[in-house]
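Observations on the three-dimensional arrangement
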Amino acid sequence: MAAITVTKTSRGKYEVIVSMQTTTTHSVTLTDDYYRELSDGHVTEEELIQWSFDFLLERESNTMILRQFDLPLIESYFPEFEETIKQSFA
């Protein structure tokens, strides 16, 4: 099981550390609009990012996750991402 730590570094920017067999660090950006679109304010930004990493880790290892990306990029790799997350927070 992975330990995921999400830390806000500045407005819309987060550092995510995933501790597994290998520990990885990721820089993720999240706009206010995309945050509201996905969560409708039901969870914090950090919780949304943590959930997004849980989603990714169900599909690939932490070493395969990009080191730097904008959160909407997940949808281009996994088309079910946005619908899955919206249903989770509905």
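Here's a quick rundown of the structure. All figures in this text were calculated on a predicted structure; none of them were measured in a lab.

Turning next to helix H4 (residues 81–89). At 3.6 residues per turn, the α-helix brings residues three or four places apart onto the same side. Where H4 is concerned, the buried positions are Phe-81, Glu-82, Ile-85 and Phe-89. Axial view of H4: buried residues confined to an arc of 90 degrees, hence all on one face. Packing partners of the buried residues in H4 comprise helix H1 (32–39), helix H2 (45–57) and helix H3 (73–77).

It is worth spelling out the pairing of strand S2 (residues 13–19) at this point. Taking every second residue as pointing to the same face, the buried face of S2 carries Tyr-14, Val-16 and Val-18, while none of Lys-13, Glu-15, Ile-17 and Ser-19 on the other face is buried. Examined bridge by bridge, strand S1 (residues 3–10) and S2 share seven bridges and lie antiparallel to one another. Following the sheet pairing, Ala-3 is matched in S2 by Ser-19. Here S1 hands over to S2 after two residues, with Gly-12 in that stretch at a positive phi of 80 degrees. Here seven bridges tie S2 to strand S3 (residues 23–29), and the two strands are oriented antiparallel to one another. Bridge pairing in S3 places Lys-13 opposite Thr-29.

Our focus in this paragraph is the sheet that holds strand S4 (residues 68–70). Reading across the sheet, the four strands line up as S1-S2-S3-S4 and stay open at both edges, with mixed pairing between neighbours. Looking at the sheet topology across the chains shown, the edges are occupied by S1 and S4. For this sheet, the mean angle separating the axes of adjacent strands, direction not counted, is 25 degrees.

Our focus in this paragraph is the environment of Arg-67. Relative to the assigned elements, Arg-67 resides in the loop between H2 and S4. Classification of Arg-67 by relative accessible area gives partly exposed; the value is 44%. For the pair Arg-67 and Glu-80, spaced 13 residues apart in sequence, the C-alpha separation works out to 21 Å. Leaving out residues up to four positions away in the same chain, Arg-67 has contacts with Thr-24, Thr-25, His-26 and Ser-27.

Together, Leu-66, Leu-73 and Tyr-77 give the surface a local cluster of nonpolar side chains, amounting to about 280 Å² of exposed area. Counting through the fold element by element, Leu-66 comes out in the loop between H2 and S4. Under the relative-accessibility criterion, Leu-66 is labelled partly exposed at 37%.

The rules behind the values
Residues numbered from 1 in each chain as written. Predicted model: local features only at pLDDT ≥ 70, side-chain atom pairs only at ≥ 80, totals over all residues. Heavy atoms only, no water. Buried < 20%, exposed > 50% of the residue type's maximum accessible area, 1.4 Å probe, protein only. Helix = DSSP H or I, 4+ residues; strand = E, 2+ residues; numbered from the N terminus. Arc of directions from axis to C-beta. Contact = heavy atoms within 4.5 Å. Pairing = 2+ DSSP bridges. Axes fitted to C-alpha atoms, helices over the stretch in contact; angles between N-to-C directions. Patch = residues over 30% accessible without salt bridge, like charges linked within 9 Å, V, L, I, M, F, W, Y side chains within 5 Å. Areas by Shrake-Rupley, 256 points an atom, 1.4 Å probe, with all protein chains shown as cover. Salt bridge = Lys/Arg side-chain N within 4 Å of Asp/Glu carboxyl O.

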